Amino acid sequence: MSVVQRLAAGWLVDHLSFINQCGYEICDSFVCPGSVALRTSVTSTGGCHAASTSAAPSSSRDSTISGPGDAIETEGKTAKSRYVFREEFFDVSKPHIAGAPQEQLCQECPGMSLSEVKANSKGEEHCQVTKGDVGDSVASARKKRKRKCVLNQGERDALEYHSKVRKRIWEGALHLVQEGLKSGFLHRPTAELSCQKNVVPGHIACGLAELCEMAKQFPAVNEGSQQAVRVLHENTSIPEQDLLWCVTENSSNCAKIVMLMGQKYLVPPKSSFLLSDISCLQPLLDYKKKYDVIVIDPPWENKSVKRSNRYSYLSSWQIKQIPVPALAAPNCLVVTWVTNRQKHLRFVKDELYPHWSVKTLAEWHWVKITRTGEFVFPLDSLHKKPYEVLVLGRVQRGEKEALRKCEDVLPIPEHKLIVSIPCSLHSHKPPLTGVIHDKIPGSL
């Protein structure tokens, strides 16, 4: 089970265990050497179809999964090769930036009042917040440049939001961490752990973004002659261009390996995916499937993305074009990951969900901790928070439909925490299957 502890405040989740239990086994004689790094999104639950499933490759030097020879089982004449994620990518032994003692959960200190909240980002401006006016913050003496710290409107909005959710996050995470320490899933700080360094994976080359860009240059395909769904079979090599124009499906009980741009990818059992970008989603609509849960992790615009040019981001207008209403089953649960920028959170709740006929029901937080139960960043850091936001809602297409479906699912709590040790690989989100399973239509 991916859920280690379950309390009123939320869940302590084991991300690594979830990945390794997803059934990444090659069940036939066609076993490719090498290794693969997994990237999965929501999988099917209780007969519901997954919104999408994909994988990300790794080189032999920076492999994220053990090779086939590491775990081979034999049943009769069928060899099974099981792939598991490398544990060191979840071996976050200490915070990326150490917080002050009063911000460390393992110290079991009580929460701080708003007037005591400080931005303790190491090597950056140190701003103290007063209770009377969140916006009138002044820099302390310790900073790289001798100047006053003047917060812009976005930073003031973020600080005000943080002051509202801080106590809930602190107290809920503290209780879950205490249970994790009791169970042995988390470990109290030791001299040995304090000397360890967090694993920072090297660059893992992935050509999928480039492949999607290439697809835009390909000539248009005649829809009548194009295969709507391509089923993965044994020993099948599929040209990249063929995967770009249809949904690819693995209907077997074992994982399948596909080669894309010289890299190996694992496709989980009983799953399907569309390799595309936001401008080419018609094949997914032609797939004629309706989904009981849709999880969206948009590439939000932010300064870091602009500076690093790591990936392209989507504008608000582009995100609104995702055809959620056409893909959603009645009473579909929609979950959207949002950065801590308040502009994006307001957009999801006030514009995006109403545009999709989705009623906002809850706002949850993913809290990132170390193996010892500390926040990965200081809770009151001005520029880096140890939590992210999930906005949950349901598709509403009329009162009759809502009444007909309301008995099939449990109500969604307005506030919950998902606490976990994050993966070192970029933008890996924690598993949601164990925490939203009973919120999906037909699960009861």
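Up top you'll find the structure we're talking about.
Residues numbered from 1 in each chain as written. Predicted model: local features only at pLDDT ≥ 70, side-chain atom pairs only at ≥ 80, totals over all residues. Heavy atoms only, no water.

A. Seen up close, the sheet that holds strand 19 (residues 417–420). Spatially, seven strands are ordered 1-2-19-17-18-16-15 in an open sheet, and the strand pairing comes out mixed. A strand with exactly one partner marks an edge of an open sheet, and here the two such strands are strand 1 (3–7) and strand 15 (291–296). Across the sheet, the mean angle from the axis of one strand to that of its neighbour is 20°, orientation sign disregarded. Inspection of the sheet shows strand 1 paired to strand 2 (residues 10–13) by four bridges, in the antiparallel sense. Residue valine 3 lies in a different strand from strand 2, and its bridge partner there is valine 13. Each of strand 1, strand 2, strand 17 (358–368), strand 18 (387–395) and strand 19 touches helix 2 (residues 153–183); the most contacted strand, strand 1, lies at about 120° to it. (Pairing = 2+ DSSP bridges. Helix = DSSP H or I, 4+ residues; strand = E, 2+ residues; numbered from the N terminus. Axes fitted to C-alpha atoms, helices over the stretch in contact; angles between N-to-C directions. Contact = heavy atoms within 4.5 Å.)

B. Summary view of the side chain of arginine 230. Here arginine 230 lies in strand 10 (residues 229–231). Arginine 230 sits in the buried class, given a relative accessible area of 18%. When sequence neighbours within four positions are dropped, the list of residues in contact with arginine 230 reads Ile238, Asp242, Leu243, Cys246, Val247, Thr248 and Glu249. (Buried < 20%, exposed > 50% of the residue type's maximum accessible area, 1.4 Å probe, protein only.)

C. A look at the sheet that holds strand 10. The strand order 10-11-14 describes an open sheet built from three strands, whose pairing is mixed. With one partner strand each, in any of the chains shown, strand 10 and strand 14 (271–273) form the two edges of the open sheet. In this sheet, adjacent strand axes meet at a mean angle of 25° when their direction is disregarded.

D. Examining the environment of isoleucine 278 more closely. By secondary structure assignment, the location of isoleucine 278 is in the loop between strand 14 and helix 6 (282–286). Separated by 41 residues in the primary sequence, isoleucine 278 and isoleucine 319 have C-alpha atoms spaced 8.2 Å apart.

E. Examining the packing of helix 2 against helix 10 (residues 342–355) more closely. The interhelical angle for the contact between helix 2 and helix 10, taken along N-to-C directions, is 70°, at an axis separation of 9 Å. Viewed along their axes, helix 2 and helix 10 adopt a mutual orientation that is roughly perpendicular. Mapping the contact onto sequence places Asp157, Ala158 and Tyr161 in helix 2 and Gln342, Leu345 and Arg346 in helix 10. For the contact of helix 2 with helix 10, a count of residues per class yields three nonpolar, one polar and two charged. (Parallel < 35°, antiparallel > 145°, perpendicular 65-115°, else oblique. Nonpolar A, V, L, I, M, F, W, Y, C, P; charged D, E, K, R; others polar.)

F. Expanded view of unusual backbone geometry. The phi angle at lysine 270 is positive, at roughly 55°, despite the residue not being glycine. Locating lysine 270 in the fold gives a position in the loop between strand 13 (263–267) and strand 14. At serine 357, a residue that is not glycine, the phi angle is positive and equals roughly 60°. Since its relative accessible area comes to 37%, serine 357 is described here as partly exposed.

G. Fine view of the environment of valine 267. Examined against the element boundaries, valine 267 turns out to sit in strand 13. Put simply, valine 267 and lysine 256 are 11 residues apart on the chain and 5.1 Å apart in space, counted from C-alpha to C-alpha. Leaving out residues up to four positions away in the same chain, valine 267 has contacts with Leu232, Asn250, Ala255, Lys256, Val258 and Phe273.

H. How the structure looks around helix 2. Over its 31 residues, helix 2 extends 43 Å from the first C-alpha to the last, a length consistent with the 45 Å expected when each residue adds 1.5 Å. Along its length, helix 2 shows its largest kink, about 45°, at valine 165. Measuring from the side-chain oxygen of the N-cap residue of helix 2 to the backbone nitrogen of glycine 154 gives 3.1 Å; that N-cap residue is asparagine 152. The positive-phi residue at the C-terminal boundary of helix 2 is glycine 184, with phi of around 90°. (Expected span 1.5 Å × (residues − 1). Bend = angle between axes of the 7 residues up to and from the residue. Polar contact = N/O pair within 3.5 Å; in protein donor to acceptor, adjacent residues only side chain to side chain.)

I. Representation of the environment of arginine 168. Secondary-structure assignment places arginine 168 in helix 2. The sequence separation of arginine 168 and histidine 415 amounts to 247 residues, and the corresponding C-alpha distance is 8.8 Å. Look past the residues within four positions of arginine 168 in its chain and what remains in contact with it is His365, His415 and Leu417. Within polar-contact distance, the side chain of arginine 168 engages the side chain of histidine 415 at 3.4 Å.

J. Structural view of the pattern of salt bridges. A complete count under the given rule lists 10 salt bridges for this structure. The partner of lysine 429 in a salt bridge is aspartate 297, and the shortest N-O contact between them spans 3.0 Å. One end of the pair, lysine 429, is in the loop between strand 19 and helix 12 (433–436); the other, aspartate 297, is in the loop between strand 15 and helix 7 (303–308), with 132 residues separating them in the sequence. For the salt bridge of glutamate 363 with lysine 349, the shortest nitrogen-to-oxygen distance reads 2.8 Å. Of this pair, glutamate 363 sits in strand 17 while lysine 349 sits in helix 10, and the two are 14 residues apart along the sequence. When salt bridges with common partners are traced through the structure, they connect Asp297, Lys368, Glu388 and Lys429 into a single cluster. (Salt bridge = Lys/Arg side-chain N within 4 Å of Asp/Glu carboxyl O.)

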